[in-house]
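Structural features, examined
Here's the letter readout for the chains.
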Amino acid sequence: MSVDQGAAERVRGLFEHADYTVAGVRHLLGPVAGAALARDEIVPALRATRGGTTLETLVRLFWVQVPVPESALPFEDLAALGLVERSGGEIRALVHVEPVESASGVPDDPPSARGHIVSDLVARPGGDRVRPDHVVGQGGASGNLAQLVRRGPVGDVLDLGTGSGVQAVHLADRAGSITATDVSRRALDLARLSFALSGIEAELLKGSLFEPVEGRTFDLIVSNPPFVISPDLRFEYRESGLPGDELCRRLVRRAPAHLAPDGWCQLLANWLHVEGEDWRERVADWIEGVDGWVVERDVQDPAEYAELWLRDSRDAGSAEYRRRYDAWLDYFEANKVTGIGFGWITLHNSGGEDVRVEELRHAVDQPVGAYVRDVVRARPRLTPATTLRTVPGIVQEQIGPPGVEDPERILLRQTRGLRRVAQVGTVEAALAGACDGDLPLGPLLDAIAQLTETETGAVRDRALAVLPDLVADGFFDII
């Protein structure tokens, strides 16, 4: 598929002049209509867009997905790109076109419009069924990945499984070059339109996983792959046809061979919780030859998971709903699946092989990409000569009955970033109050031993055993 670049440039100018941006649409709709539209309820949005301005017309056409007067917009340019068709003096959208907004990751720096994403029309209740090669636009998953990806300039970028091109458009203003791949021809066609309307250049290649870029390396690999675990392959955008979580395992296993020195790979994934197995060990075993950071953000039982994706494909209320639900549960039961985890996987080709797996179900400071370099760090080797400083924003909590001299538990809690919590002993708690970067560990530990009337060697041994994890988890910095 080729794109009429002249028409794309004119339509891009139309969007800019009309303020067809995230901020412009948000201001037009307001919080009530905007929230209703996010729930697939269009009546409030129709009421908010009755004025006939260009922006209101664009929102009606591409977001609310109702016909608009042909005279209100430049039909020829929109039709030349395959965005609309004519019908009795009106034009209707053939695809969904939405603006993209991305945060810079710099505090107090406002979000900026990056471009526009072209995807298939949003499937709403009572509308057409989702087609097998349906291409989705922006959503919660793509937003999560965009927030996770490390900030700053980057050289060669691979967007593996680009779909409608969301991640590539987010990265365009700071990437030296972009290569976008997908198994779906339709996805590549729509991504090409997204890039044209966003004024960016990218190499588009068709193929599965790393096959289209065999032998090449990249400074950053991002992927929102078709990670959904299901008994069959219904939709290319969400399912791979591989059994269980095999797609994500293969992606993680093969990614290190395609990372340049100091290169990063960041992706979203699902993984199975299997009866009799530790999911942490299963996923950690996927990672070889690089540093790895795996975070489980949510876990669902088999029934919840099936219901989620049956809603996604608009199967609720259909004659097929019960049969498909039953087939999903049969599949999970046959494979002894007790739960399905969702989360992030980050790989860093730093020369190390430190792998960390954790659960973070609570809210964290976004974007994580602004501080991910500080998060993915190896456990250090510490000695009594090492000087530490307690990271700003750490608070201490003591838990126990009121009035008891010795608490049952002492917690160190981060008030920013990932907001981790660590249960510590009296030695680490004392160090958290004393480590200001002035003295090395040796004298501090000796003083703590004297105050607690504990043998000096035992205090030192405990501290040097547990502190590396606390440093790696961001509670202390090495000076």
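The model shown is predicted, which means the values in this text are computed figures rather than measured ones.

Remarks on the packing of aromatic side chains
For the structure shown, the criterion picks out ten aromatic pairs. Plain terms: the ring middles of Tyr305 and Trp309 are 6.4 Å apart, the flat faces sit at 65° to each other, and that makes the pair edge-to-face. You can see Tyr305 and its partner Trp309 sitting in helix 11 (residues 302–312), four residues apart, about one turn around the helix. Residue classification places Tyr305 among the buried residues on the basis of a relative accessible area of 2%. Aromatic ring contacts, followed pair by pair, group Tyr305, Trp309, Tyr331 and Phe332 into a single cluster.

Quick word on the side chain of Glu358
You can see Glu358 is positioned in strand 13 (residues 355–359). Given a relative accessible area of 15%, Glu358 falls into the buried group. Apart from the residues within four sequence positions on either side, Glu358 is in contact with Trp279, Trp293, Val294, Val295, Glu296 and Arg420.

Let's talk about the environment of Asp19
Within the secondary structure, Asp19 sits in the loop between helix 1 (5–18) and helix 2 (22–38). Taking the C-alpha atoms as reference, Asp19 lies 9.0 Å from Thr54; in sequence the two are 35 residues apart. Setting aside residues up to four positions removed in sequence, Asp19 forms contacts with Gly24, Val25 and Leu55.

Let's talk about the sheet that holds strand 1 (residues 68–69)
As summarised here, the arrangement of the three strands in space is 1-3-2, forming an open sheet in which the pairing is antiparallel. The outermost strands of the open sheet, each flanked by one partner alone, are strand 1 and strand 2 (84–87). With two bridges connecting them, strand 1 and strand 3 (residues 90–93) associate as antiparallel partners. Paired with Pro69 across the two strands is Glu90, which belongs to strand 3.

Some remarks on the sheet that holds strand 6 (residues 154–160)
With mixed pairing, eight strands are arranged side by side in an open sheet as 8-7-6-9-10-12-11-13. A strand with exactly one partner marks an edge of an open sheet, and here the two such strands are strand 8 (203–206) and strand 13. On average, each strand axis in the sheet is inclined to that of its neighbour by 20°, with strand direction left out of account. Pairing between strand 7 (residues 175–182) and strand 8: four bridges, direction parallel. Bridge pairing in strand 8 places Asp182 opposite Lys206.

As for the nonpolar core
Residues Trp293, Phe332, Ile345 and Leu347 are the most contacted members of the largest nonpolar core, which totals 75 residues. The element that contributes the greatest number of residues to this core is strand 10 (residues 259–274), accounting for nine residues. Within the second largest apolar cluster, 39 residues are counted, among which are Val3, Leu14, Val64 and Leu73.

Some details on the side chain of Thr162
In this fold, Thr162 is placed in the loop between strand 6 and helix 7 (166–171). Within the local environment of Thr162, its side chain forms a polar contact with the side chain of Asp159, the two groups lying 2.7 Å apart. Residues within four places of Thr162 in sequence aside, it is in contact with Ala168, Ala180, Thr181, Asp182, Leu188, Ala191 and Phe195.

With respect to helix 12 (residues 321–334)
Here helix 12 spans 20 Å end to end across 14 residues, near enough to the 20 Å set by a 1.5 Å rise per residue. Of the residues making up helix 12, those classed as buried are Arg324, Tyr325, Trp328, Tyr331 and Phe332. Summarising the axial view, the buried residues of helix 12 lie within an arc of 125°, below the 170-degree limit, and thus occupy one face. Exposed and facing more than 90 degrees away from the buried side of helix 12 are Arg322, Glu333 and Ala334. Taken together, the buried residues of helix 12 touch strand 10, helix 11 and strand 12 (337–348). Lys336, located one to two residues past helix 12, shows a positive phi value of around 55°.

Looking at the confidence of the model for the chain
Residue-level pLDDT values for the chain average 93, and 96% of them are 70 or greater. pLDDT under 50 marks residues 103–113. Its contacts with residues more than four places away, or in other chains, come to 15 contacts.

Description of the pairing of strand 17 (residues 421–424)
As a general feature of sheets, a regular strand has side chains that alternate between the two faces. The side-chain alternation of strand 17 yields one buried face, formed by Ala422 and Val424, and one unburied face, formed by Val421 and Gln423. For strand 16 (residues 409–414) and strand 17, the ladder comprises four bridges, and the chain directions are antiparallel. The residue of strand 17 that forms the bridge with Leu412 is Ala422. Following strand 16, the chain reverses through six residues before pairing antiparallel with strand 17; Gly417 in that reversal takes a positive phi of roughly 65°.

Notes on helix 9 (residues 246–254)
Those residues of helix 9 not exposed but buried are Glu246, Leu247, Cys248, Leu251 and Val252. Tucked inside the fold, the buried residues of helix 9 contact strand 6, strand 9 (218–223), strand 10 and strand 12.

Concerning the pattern of salt bridges
For the structure on display, the rule yields 33 salt bridges. Note that Arg420 is salt-bridged to Glu358, the shortest N-O span being 2.4 Å. One end of the pair, Arg420, is in the loop between strand 16 and strand 17; the other, Glu358, is in strand 13, and 62 residues separate them in sequence. Like Arg420, the residue Glu358 is buried in the burial classification. Each of Asp278, Arg280, Glu296, Glu359 and Arg361 takes part in a single network of salt bridges with overlapping partners.

Remarks on unusual backbone geometry
Backbone phi values are negative for most residues with the exception of glycine, while trans is the configuration of most peptide bonds. Look at the link from Gln366 to Pro367: it is a cis peptide, with omega at 0°. Counting through the fold element by element, Pro367 comes out in the loop between strand 13 and helix 13 (372–375). Even without being glycine, Asp262 reaches a positive phi, approximately 65°. Along the chain, the position of Asp262 falls in strand 10. What makes Asp262 partly exposed here is its relative accessible area of 39%. One non-glycine residue, Arg419, lies in the positive phi region at around 55°. Inspection of the secondary structure assignment puts Arg419 in the loop between strand 16 and strand 17. Using a relative accessible area of 32% as the deciding quantity, one classes Arg419 as partly exposed.

Each value, and the rule that gives it
Residues numbered from 1 in each chain as written. Predicted model: local features only at pLDDT ≥ 70, side-chain atom pairs only at ≥ 80, totals over all residues. Heavy atoms only, no water. Phe/Tyr/Trp six-rings, centres within 6.5 Å; stacked < 30°, edge-to-face > 60°. Helix = DSSP H or I, 4+ residues; strand = E, 2+ residues; numbered from the N terminus. Buried < 20%, exposed > 50% of the residue type's maximum accessible area, 1.4 Å probe, protein only. Contact = heavy atoms within 4.5 Å. Pairing = 2+ DSSP bridges. Axes fitted to C-alpha atoms, helices over the stretch in contact; angles between N-to-C directions. Core = buried A, V, L, I, M, F, W, Y, C linked by side-chain atoms within 4.5 Å. Polar contact = N/O pair within 3.5 Å; in protein donor to acceptor, adjacent residues only side chain to side chain. Expected span 1.5 Å × (residues − 1). Arc of directions from axis to C-beta. pLDDT = per-residue confidence, 0-100. Salt bridge = Lys/Arg side-chain N within 4 Å of Asp/Glu carboxyl O.

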